[in-house]
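Architecture and fold: a report
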Amino acid sequence: MSDMPDQGELADAITEATRAAVTALFAEHPGTYYYLALITTGEAHAPFLTAWSHEALAAAAESEEDREMIKWSYADSPIDIYGEEHFDRVRELFDRRPQNGDDMSDDDWAAEHDLRLSAMETALRRLDDEGLIGEGERRLGLVVNVEVMPPDPTNTERARRLNPPAALTRWLEEVAE
């Protein structure tokens, strides 16, 4: 594949798509966000954006027990697969990379999987460095992550790299794999 995008091109496209989606999210759905993640599958398909705000959680759950059950669930969020139209280029680039099931060794697929997740992580780190995720107390109240679904132990490793320790306290207590 001579036109296969490299990790840098993936990270650039994910950064651009995520920036556009998060900017639209914050403008269209103002609130106090505590969770923002790029979600992918075990096959490391192109990611999608999900988020939770305290306001959305209060509206989605009637009881404290319900809130605790769905608080960190991307699938239960009303802000799931948000801004999908911004990720068209990302999906195109991912489709041009080797796919699981192609004639690849397990080691080659593991390297491809890691490359994709690393590109996603790089994108979120860039946006955090730009201040898009938030600054000061606002940033400390927001957990960002690249998550593999179904839950995977590497989610915790990425969360630790992407967040200040103070932002992770509750997440680590409540959901870390």
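Residues numbered from 1 in each chain as written. Predicted model: local features only at pLDDT ≥ 70, side-chain atom pairs only at ≥ 80, totals over all residues. Heavy atoms only, no water.

On average, residues of the chain score 94 in pLDDT, and 98% of them are at 70 or above. Here helix 8 (residues 165–174) is the element of the chain with the lowest mean pLDDT, 93, and helix 1 (residues 7–28) is the one with the highest, 98. (pLDDT = per-residue confidence, 0-100. Helix = DSSP H or I, 4+ residues; strand = E, 2+ residues; numbered from the N terminus.)

Another aspect to go through is the environment of Ala-24. In this fold, Ala-24 is placed in helix 1. Given a relative accessible area of 18%, Ala-24 falls into the buried group. Between the alpha carbons of Ala-24 and Gly-83 there is a distance of 7.6 Å; along the sequence they are 59 residues apart. Apart from the residues lying within four places of it in its own chain, the contact partners of Ala-24 are His-29, Tyr-82 and His-86. (Buried < 20%, exposed > 50% of the residue type's maximum accessible area, 1.4 Å probe, protein only. Contact = heavy atoms within 4.5 Å.)

Where charged atoms from two side chains of opposite charge come close, those side chains can pair. Applying the stated rule across the entire model yields 14 salt bridges. Residue Arg-67 is joined to Glu-64 by a salt bridge in which the shortest nitrogen-to-oxygen separation is 3.3 Å. One end of the pair, Arg-67, and the other, Glu-64, are both in helix 3 (residues 64–70), 3 residues apart, so they sit about a helical turn from each other. Under the relative-accessibility criterion, Glu-64 is labelled partly exposed at 45%. For the salt bridge of Glu-112 with Arg-116, the shortest nitrogen-to-oxygen distance reads 2.8 Å. Placement of both Glu-112 and Arg-116 in helix 5 (residues 106–130) is noted, with a separation of 4 residues, approximately one turn of the helix. The exposure classification of Glu-112 matches that of Arg-116, with both residues buried. Here the salt bridges share partners, and the residues they tie into one network are Asp-3, Arg-89, Glu-92 and Arg-96. (Salt bridge = Lys/Arg side-chain N within 4 Å of Asp/Glu carboxyl O.)

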